[in-house]
Amino acid sequence: MTADTLTWCAFALASAILAAQPLQWLVRSWLDPAYGSYGYVYILLIVGLTGMSLLSGRPKATGSQIPAIALLLLAALIRFLGQVLAVNILSALALALDVFALVGLLQLNRRPFALSPIWMATLFLFSLPTEMVLQRTLGFPLQMVSAELSCHMLGALFSKMVCDGVRISLEQKDILVDLPCSGASGLLLLLAFVVTQNAVMRPRWQVGGLSLLAVIGCATLGNSLRISLLAIGIVHNLDVMAAPWHNLIGLTTLGLSVAPFALFYRSGSTGARKSRPQANRIILPRPIKALAGIACLIGSIAIVSLKAKPMDVSGGVVTPNLPAQIHGYLAQNVPLTAMEAHYFEAYGGQAQKAQFGPLGLNVVSTRAPLRHLHAPEICLRGLGYTVRFLGTRYDGVPSAYYRATGPDGDQWLVAVSYLSQNGHVTPSVGEAIWRWLNGSRGTWSSVQRITPWSLDSQLRAQLDAATIAALDIQTIKGTDI
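First, a word on what this report is: a plain description of the structure on this page. (Residues numbered from 1 in each chain as written. Predicted model: local features only at pLDDT ≥ 70, side-chain atom pairs only at ≥ 80, totals over all residues. Heavy atoms only, no water.)

Regarding the pairing of strand S13 (residues 444-452)
Within S13, eight of the nine residues are buried, leaving the element largely enclosed by the surrounding structure. Bridging between strand S8 (residues 359-366) and S13 involves seven bridges; their strand directions are antiparallel. Looking across to S13, one finds that Thr366 is bridged to Trp444. (Buried < 20%, exposed > 50% of the residue type's maximum accessible area, 1.4 Å probe, protein only. Helix = DSSP H or I, 4+ residues; strand = E, 2+ residues; numbered from the N terminus. Pairing = 2+ DSSP bridges.)

Below you can see the structure in the form of structure tokens.
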């Protein structure tokens, strides 16, 4: 074998070693209900586009050069950061570079049905559990923007309206722009649509970048229109939160948002751009070629063998003291599972579980909310429950409510609130994380109350009030957003 062939084999093996663990995690994210990810749909889309390009004909004589060594080094850097910081989704970002390289190696950018390597790599990013990350990190500002725009839209139709953060009081009826109403799902769908268009049309980078900014604006306006239509329906006592009206309104506003791009968007490109000939050879002196391949191979093995040292490990936490009894029911401590105990040992924080008669109480406290805090539906889905979000209430303690149906058919009502060490309470994990990212440090805790769905509503209210009083959580009628 020639030195070129040996070097390319070493580079390919190094790339495979770096990609193995992120690829396994990515497939698990599609199969594990906890992630709620449909990322495999985008993989099927990528495979379909690839097949269409391969079948369209032989590649043309000219094409762009593949920066193989630069791609491998960049992938190694990303993989190194993901390995050391113990952030799986960061490691998986390196797989997008593999997609970029494969588009070039298959010469898809030179065929009659040409595809853009960079936009195909961008499309791959949607196969990651992106929505969950977007909801947790940017969900709260998306809520605020959607609520503000909805207020302006509704203000043109109604005079008796009060806007307070994510709450809209319309004709003496409370409209809440909670986390599912942030528009993250619609935004990602529209972004994926435009990225796919760019992958096929291959626009100049200025046009492609502007198209992404435009679709973000359209998605935000479309989501605000959806919220406004739902609010109008609620004011007129229409059951717009149930099927089929809720889905119909959502699909209509989504269609209006994507229509400008589906009907009028053009790349501005006048055909394939001229570029330098394809170069598959590595321009290195002959004695260095074999050493370069061996060095990359050894480096990849060293990277995947590194011990994780995550930065977002929670330090000492101020934990609420679980009461000895609630509403006359004595506490029965519930031990953590082996997986839970290992997780909190590795990443800090603390979890407490107790049962008070029909009430189950789970409290997680941390100084690293991005690592520990999440909506109850994530854990419940992972345990095999079917979860339905019921809404948010601000009377008493702000709480988000869910109905969980177990594999055996048993149903439970789950209420959760998030509180900071300085006394702020919110029903939204997105707000808790956003405030933490913006300097609200100290301990954050999630307080989750679980009761049987069939429990008498009066007893449930008494148990909830007693829990709030025992934990000394501030009760409010409004929000200080």
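A closer look at the sheet that holds strand S1 (residues 161-164)
In any sheet, the strands associate via hydrogen bonds between backbone groups, in a parallel or an antiparallel arrangement. Taking strand neighbours across the sheet as the criterion, the three strands line up as S1-S2-S3 in an open arrangement whose pairing is antiparallel. Every other strand in the sheet has two partners, leaving S1 and strand S3 (173-176) as the edge strands with one partner each. Taken over all neighbouring pairs, the strand axes of this sheet differ in orientation by 20° on average, direction set aside. One ladder, built from four bridges, connects S1 with strand S2 (residues 167-170); its direction is antiparallel. Within the sheet, the bridge partner assigned to Val162 lies in S2 and is Ser169. Sitting on the sheet, helix H7 (residues 130-155) is in contact with S1 and S2, with an inclination near 15° to S2. Across the face of the sheet, helix H9 (residues 205-235) comes into contact with S2 and S3 while running at roughly 155° to S3. (Axes fitted to C-alpha atoms, helices over the stretch in contact; angles between N-to-C directions. Contact = heavy atoms within 4.5 Å.)

Focus on the packing of helix H6 (residues 117-124) against helix H8 (residues 184-201)
Here H6 crosses H8 at 155°, and the two axes come no closer than 8 Å. As judged from the angle between their axes, H6 and H8 are roughly antiparallel. In terms of crossing hand, the pair formed by H6 and H8 is left-handed. Along the contact surface, H6 presents Trp119, Met120, Thr122 and Leu123, while H8 presents Ala192, Val195, Thr196, Asn198 and Ala199. (Parallel < 35°, antiparallel > 145°, perpendicular 65-115°, else oblique. Left-handed = near helix turned anticlockwise from the far one by under 90°.)

Examining the nonpolar core
With 37 residues, the main nonpolar core has Leu26, Met120, Leu123, Phe124 and Phe126 as its most contacted residues. At nine residues, H8 tops the list of elements feeding residues into this core. For Met120, the contacting residues outside a window of four places in its chain are Ile46, Leu49, Thr50, Val99, Val103, Leu115 and Ala199. Grouped together as the second largest cluster of nonpolar side chains are 20 residues, Ala351, Leu373, Val387 and Val429 included. (Core = buried A, V, L, I, M, F, W, Y, C linked by side-chain atoms within 4.5 Å.)

Describing the side chain of Arg371
Relative to the helices and strands, Arg371 is located in helix H13 (residues 369-372). Residue classification places Arg371 among the buried positions, given a relative accessible area of 14%. A polar atom in the side chain of Arg371 sits 3.3 Å from the backbone oxygen of Leu85. Other than its neighbours up to four places away in sequence, Arg371 contacts Leu85, Ala86, Val87, Arg136, Pro310, Asp312, Tyr343 and Tyr347. (Polar contact = N/O pair within 3.5 Å; in protein donor to acceptor, adjacent residues only side chain to side chain.)

Description of the packing of H7 against helix H15 (residues 429-437)
Contact geometry of H7 with H15 gives a least axis separation of 7 Å together with a crossing angle of 90°. Relative to H15, H7 is oriented roughly perpendicular. For the pair H7 and H15, the contacting residues are Gln135, Arg136, Thr137, Leu138, Phe140 and Pro141 in the first and Gly430, Glu431, Ile433, Trp434 and Leu437 in the second. Grouping the amino acids of the contact of H7 with H15 by side-chain chemistry returns six nonpolar, three polar and two charged. (Nonpolar A, V, L, I, M, F, W, Y, C, P; charged D, E, K, R; others polar.)

Here we look at the packing of aromatic side chains
Going through the model one piece at a time under the given rule, you end up with six aromatic pairs. Taking the centre distance of 4.8 Å and the plane angle of 50° together, the rings of Tyr343 and Tyr347 count as tilted. With a gap of four residues between them, Tyr343 and Tyr347 both fall in helix H12 (residues 338-347), about one helical turn apart. Take Tyr343: its relative accessible area is 31%, and that puts it in the partly exposed class. The aromatic ring of Tyr347 is capped on one face by Arg371, whose charged end is 4.1 Å from the ring centroid. (Phe/Tyr/Trp six-rings, centres within 6.5 Å; stacked < 30°, edge-to-face > 60°. Lys NZ or Arg CZ within 6 Å of the ring centre and 35° of its normal.)

Focus: the pattern of salt bridges
As enumerated under the stated definition, the model contains four salt bridges in all. For Glu377, the salt bridge is made with Arg381, and the minimal N-O distance between the two is 3.4 Å. With Glu377 and Arg381 both in helix H14 (residues 376-382), this residue pair falls four residues apart, about one helical turn. Residue classification places Glu377 among the partly exposed residues on the basis of a relative accessible area of 24%. Across the pair Asp464 and Arg449 runs a salt bridge whose closest N-O atoms are separated by 2.8 Å. Of the two residues, Asp464 sits in helix H16 (residues 457-471) while Arg449 sits in strand S13, which places them 15 residues apart along the sequence. (Salt bridge = Lys/Arg side-chain N within 4 Å of Asp/Glu carboxyl O.)

Remarks on the state of the cysteines
Counting across every chain of the model gives one disulfide. For Cys151, the disulfide goes to Cys163, at an S-S distance of 1.9 Å. Disulfide Cys151-Cys163: torsion about the S-S bond near -125°, hence left-handed. Of this pair, Cys151 sits in helix H7 while Cys163 is found in strand S1, placing the two residues twelve residues apart along the sequence. There is no disulfide at Cys296, and the cysteine sulfur nearest it, in Cys9, is 13 Å away. (Disulfide = S-S within 2.5 Å.)

A closer look at the environment of Arg388
Secondary-structure assignment places Arg388 in strand S9 (residues 386-393). Exposure remark for Arg388: the relative accessible area of 47% places this residue in the partly exposed category. Placed 17 residues apart in sequence, Arg388 and Thr405 show a C-alpha to C-alpha distance of 8.6 Å. Apart from the residues within four sequence positions on either side, Arg388 is in contact with Tyr401, Tyr402 and Arg403.

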